[in-house]
Amino acid sequence: MAAARVSPDICLREATQRKLRMFSELRGKPVAAGEFWDIVAITAADKQQELAYKQQLSEKLKRKELPLGVQYHVFVDPVGAKIGGYSQRLPNASALGKIFTALPLGNPIYQMLELKLAMYIDFPSHMNPGILVTCADDIELYSLGESEFIRFDKPGFTALAHPSSLTVGTTHGVFVLEHFDHSEHRDLEYRCCYRFLHKPSIEMMHQCDAVFRAGNFSQQDFAGDNTPSLKLNTEYVYTDSLFYMDHKSAKKLLAFYEKIGTLNCEIDAYGDFLQALGPGATMEYTRNTSNVTKEESELIDMRQRIFHLLKGTSLNVVVLNNSRFYHIGTTEEYLFHLTSESSLKSELGLQFMASSIFPAIPECFGRTFCVIQSILDSGCSVAPGSVVEYSRLGPDVSVGENCIISGSCIITKAVLPAYSFVCSLSLKMNGYIKHSTMAFGVQDNLKKNVKTLSDIKLLQFFGVSFLSCLNIWNLKVTEELFSGNTTSLSLWTARIFPVCSSLSDSVTTSLKMLSAVKNKSAFNLNSYQLLSIEEMLGYKDVEDMIAYREQIFQEISLKEKQSDLETF
């Protein structure tokens, strides 16, 4: 009698857990040559972010949270056009970086960096010399057949591909694959890409023959992004995640960069490299600037030069039919994956309490809250759907649904309305340590900008017209209200957050301004020094923020030891 086939879901979960166990074994230990990466490089947007990343890497290595004997480097963008960003859609990652976003997993807890290294643990030993490029805010999970491994051994570029709905395809890269004469889908397939489409319309996917129809293929959740199950005759595409370039291709790009000197426009490693590859690549994309953050005059010319440089280079595709792609780069995605019964939670084994103290844990079914490296008093309450990280909450604190609280200390009586975002930063101003807390709604769009002061009524703060909020806070509408570019006015650059001498005072004050908006009651901000989020990041004191996290960590560790002794 034939053995029952293990379900793809179970295979995926088991494959993920195996990688986590393997990485856990390597934490804090020297790695043998060829066993792990030679170099792990992280890109930073500016000098301050570079310093923040280096300090955090140094702490991680001291605490033996990463494999040893590896070169960990941080490379900062040159002054001018930016490649890196400031995580405006997930601001609790803005100060210390998305790659250092904490996850409710492991002991000591994993951040995105450790999770990335764990999920790619099989790659180095099956890879020719080259470079793997990945993003800081996505997670790729996959399972393969027994004794199968992904091989990065072909010349040119090699990219992973995941089956996804056409809707997901409009916000990702989509592969137009060359004809493949194989009727049955396997977990792992090596294919050639005819052409790469960057964030195409559904019409374009059909026109370019990128769309497949499910027949005998029974893939479950498409690409992890909350998409429906793939049923018979459903249309799907293959979308991108990470990619690899061999040594020869990397050298070619490096020589090109050295020849041109300074880059004066934004070049995207996905859109501008991958669209130049494959036999079906055309120059058409070089004039499409719809996905560009800031259009520079040199952009089209630079894209065309890159196209000619890479033209004829092959794009190999590793199709992973039993895989998931998750994005956690926005507040809504972050809350969903950490607090709901998402498949990611089950596959990674995410906990709702990780390295924390909260004596009065309520029974939770379905959607939960999530607490990461925090100390909560037994009298405090946290509603389902909320995340608390690196914080202290006192006995009279009540947190509503779908909130994010990060790096804060709330010891006085406080009620946080549902959908509140509260994140505290330590600042170094004139040689003194100060504190400021950004507070707004988790659904607020910090990136939305207007060109003139008369249009700021179009901005929304916690669902209320920003102009109404300014009246509540007794702030005048002048150019001095905003930092940075005077023709790009946004919540990101609005000087509305008070600077205080203590962490707890800064949280209390910012919560009062939030409460004033919710209750439509006046709260005068005129007596405070006010900063924008943009300025807060400029003044941030990384050392003090890391010290605060370490203090919480040590207190939790001590409690755990005491608890273990009592049990013994």
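If you're wondering where the values come from, they're calculated on a predicted model, not measured in any experiment. (Residues numbered from 1 in each chain as written. Predicted model: local features only at pLDDT ≥ 70, side-chain atom pairs only at ≥ 80, totals over all residues. Heavy atoms only, no water.)

K.L.:
I would appreciate a short explanation of the overall build of the protein in the present structure.
P.N.:
Looking only at helices and strands, one finds 14 helices and 29 strands in the protein. Here the protein has a C-alpha radius of gyration of 25 Å; the compact-globule value for 568 residues is 24 Å, and the two agree. For the C-alpha atoms alone, the extent of the protein along its principal axes is close to 70 × 65 × 45 Å. When the 568 residues of the protein are sorted by exposure, 54% land in the buried category. (Helix = DSSP H or I, 4+ residues; strand = E, 2+ residues; numbered from the N terminus. Rg over C-alpha atoms; globule rule 2.2 N^0.38 Å. Buried < 20%, exposed > 50% of the residue type's maximum accessible area, 1.4 Å probe, protein only.)

K.L.:
What's the story with the packing of helix 1 (residues 8-26) against helix 3 (residues 112-119) in this structure? I'm lost.
P.N.:
Between two packed helices, both the angle of their axes relative to each other and the distance between the axes serve to describe the pair. With their axes 8 Å apart at the nearest point, helix 1 and helix 3 run at an angle of 110° to one another. Classified by the angle their axes make, helix 1 and helix 3 are roughly perpendicular. The way helix 1 lies across helix 3 gives a crossing that is right-handed. Here helix 1 contributes Thr16, Lys19, Leu20 and Phe23 to the contact with helix 3, which in turn contributes Glu114, Leu115, Leu117, Ala118 and Met119. Residue composition of the contact of helix 1 with helix 3, by class: six nonpolar, one polar and two charged. (Axes fitted to C-alpha atoms, helices over the stretch in contact; angles between N-to-C directions. Parallel < 35°, antiparallel > 145°, perpendicular 65-115°, else oblique. Left-handed = near helix turned anticlockwise from the far one by under 90°. Contact = heavy atoms within 4.5 Å. Nonpolar A, V, L, I, M, F, W, Y, C, P; charged D, E, K, R; others polar.)

K.L.:
Explain empty space enclosed by the protein here, please?
P.N.:
A water-sized probe rolled over the atoms picks out the places where empty space is left. In the structure shown here, the tally under the stated rule is four cavities of 30 Å³ or more. One number sums up the size of the largest cavity: a volume of about 230 Å³. The wall of the largest cavity is formed by 16 residues, among which Arg63, Glu65, Gln111, Tyr390 and Arg549 lie closest to the centre. Looking at the lining of the largest cavity, the elements with two or more residues in it are helix 2 (47-62) and helix 14 (542-567). Looking at the lining of the largest cavity, its residues break down into six nonpolar, four polar and six charged. (1 Å grid on protein atoms, 1.4 Å probe; cavity = no way out; pocket = protein on both sides within 12 Å on 5 of 7 lines; lining within 4 Å. Points joined across faces, edges and corners; volume = space filled by probe spheres on them.)

K.L.:
I'm lost on helix 12 (residues 503-519) in this one. Help?
P.N.:
Side chains of residues three or four places apart in an α-helix project in the same direction, reflecting 3.6 residues per turn. Look at helix 12: 24 Å from first C-alpha to last across 17 residues, which is about the 24 Å you get at 1.5 Å a residue. Residues Leu503, Ser504, Ser506, Val507, Thr509, Ser510, Leu511, Met513, Leu514, Ala516 and Val517 constitute the buried set of helix 12. Positive backbone phi, approximately 55°, marks Lys520, located one or two places after helix 12. (Expected span 1.5 Å × (residues − 1).)

K.L.:
Looking at this model, I keep getting lost on the sheet that holds strand 18 (residues 397-399). Mind explaining?
P.N.:
Within a sheet, neighbouring strands are paired by backbone hydrogen bonds and run either parallel or antiparallel to one another. The three strands are arranged 15-18-21 in an open sheet whose pairing can be described as parallel. Unpaired on one side and paired on the other, strand 15 (381-382) and strand 21 (414-416) mark the two borders of the sheet. Both strand 15 and strand 18 contribute to a ladder of two bridges, which runs parallel. Residue pairing across strands places Val382 opposite Val399, the latter belonging to strand 18. (Pairing = 2+ DSSP bridges.)

K.L.:
Sorry, what's going on with the pattern of salt bridges here?
P.N.:
Any two side chains of opposite charge can pair, given that their charged atoms come close. Throughout the structure, instances matching the rule amount to 23 salt bridges. Salt-bridge contacts for Asp122 lead to Arg18; the nearest nitrogen and oxygen are separated by 2.5 Å. Residue Asp122 is located in the loop between helix 3 and strand 3 (130-133), and its partner Arg18 is located in helix 1; the two are separated by 104 residues in the primary sequence. With its nearest N and O atoms 3.7 Å apart, the salt bridge here joins Glu25 to Lys29. Among the residues examined, Glu25 registers a relative accessible area of 53% and is labelled exposed. Ionic contacts of the salt-bridge type, sharing partners, join the residues Arg27, Glu59, Lys60, Lys62, Arg63, Glu65, Glu114 and Glu550 into one network. (Salt bridge = Lys/Arg side-chain N within 4 Å of Asp/Glu carboxyl O.)

K.L.:
In this structure, what is going on with the pairing of strand 6 (residues 173-177)? I would like to understand it.
P.N.:
Among the five residues that make up strand 6, five are buried, leaving the element largely enclosed by the rest of the structure. What you see with strand 6 is no split at all: Gly173, Phe175 and Leu177 on one side and Val174 and Val176 on the other are buried throughout.

K.L.:
How do you make sense of the packing of aromatic side chains when you look at a structure like this?
P.N.:
Two aromatic rings, taken as a pair, are described by how far apart their centres are and by the angle between their planes. A complete count under the given rule lists 19 aromatic pairs for this structure. Their ring planes at 65° and their centres at 5.9 Å tell us that Phe23 and Tyr110 sit as a pair that is edge-to-face. With Phe23 in helix 1 and Tyr110 in the loop between strand 2 (71-76) and helix 3, the pair connects residues that are 87 residues apart, well separated along the chain. Tyr110 shares its class with Phe23; the two are buried. Taken together, the ring pairs in this structure connect Tyr120, Phe123, Tyr142, Phe152 and Tyr244 into an aromatic cluster. Between the NZ or CZ atom of Lys154 and the centre of the ring of Tyr190, over which it lies, the distance is 4.6 Å. (Phe/Tyr/Trp six-rings, centres within 6.5 Å; stacked < 30°, edge-to-face > 60°. Lys NZ or Arg CZ within 6 Å of the ring centre and 35° of its normal.)

K.L.:
Whenever I open this one, the environment of Leu320 confuses me. Can you help?
P.N.:
Structurally, the position occupied by Leu320 is in strand 10 (residues 315-320). Taking the relative accessible area as the measure of exposure, Leu320 reaches 1% and is therefore buried. Sequence spacing of Leu320 and Ser143 is 177 residues, and the spatial spacing of their C-alpha atoms is 7.9 Å.

K.L.:
Even after reading the chapter, I still don't get the sheet that holds strand 20 (residues 409-410), so can you show me in this structure?
P.N.:
Within the open sheet, the three strands sit side by side as 14-17-20. Their pairing is parallel. Looking at the sheet topology across the chains shown, the edges are occupied by strand 14 (375-376) and strand 20. Both strand 17 (residues 392-393) and strand 20 contribute to a ladder of two bridges, which runs parallel. In the strand pairing of strand 20, Arg392 is matched with Cys409.

K.L.:
Explanation requested: the pairing of strand 10 in the structure shown.
P.N.:
Strand residues, when the strand is regular, have side chains that alternate between the two faces of the sheet. Along strand 10, six of the six residues are buried, which leaves the element largely enclosed by surrounding structure. Of the two faces of strand 10, the one holding Leu315, Val317 and Val319 and the one holding Asn316, Val318 and Leu320 are both buried throughout. Pairing of strand 5 (residues 157-164) with strand 10 involves five bridges; the strand directions are parallel. Pairing of Leu160 across the sheet is with Val318, part of strand 10. Pairing of strand 7 (residues 188-198) with strand 10 involves five bridges; the strand directions are antiparallel. Its bridge partner being in strand 10, Tyr190 is matched across the sheet by Val318.

K.L.:
Looking at this structure, how should I read the nonpolar core?
P.N.:
Nonpolar side chains in soluble globular proteins generally cluster together in the buried interior. With 136 residues, the main nonpolar core has Leu115, Phe123, Ile150, Phe461, Phe466, Trp473 and Ile496 as its most contacted residues. For this core, the leading source of residues is helix 12, giving seven residues. Here Leu115 is in contact with Leu20, Leu103, Leu105, Tyr110, Ile139 and Leu348, once residues within four sequence places are set aside. Core analysis: the second largest hydrophobic core is formed by 35 residues, Ala161, Phe196, Phe273 and Leu310 among them. (Core = buried A, V, L, I, M, F, W, Y, C linked by side-chain atoms within 4.5 Å.)

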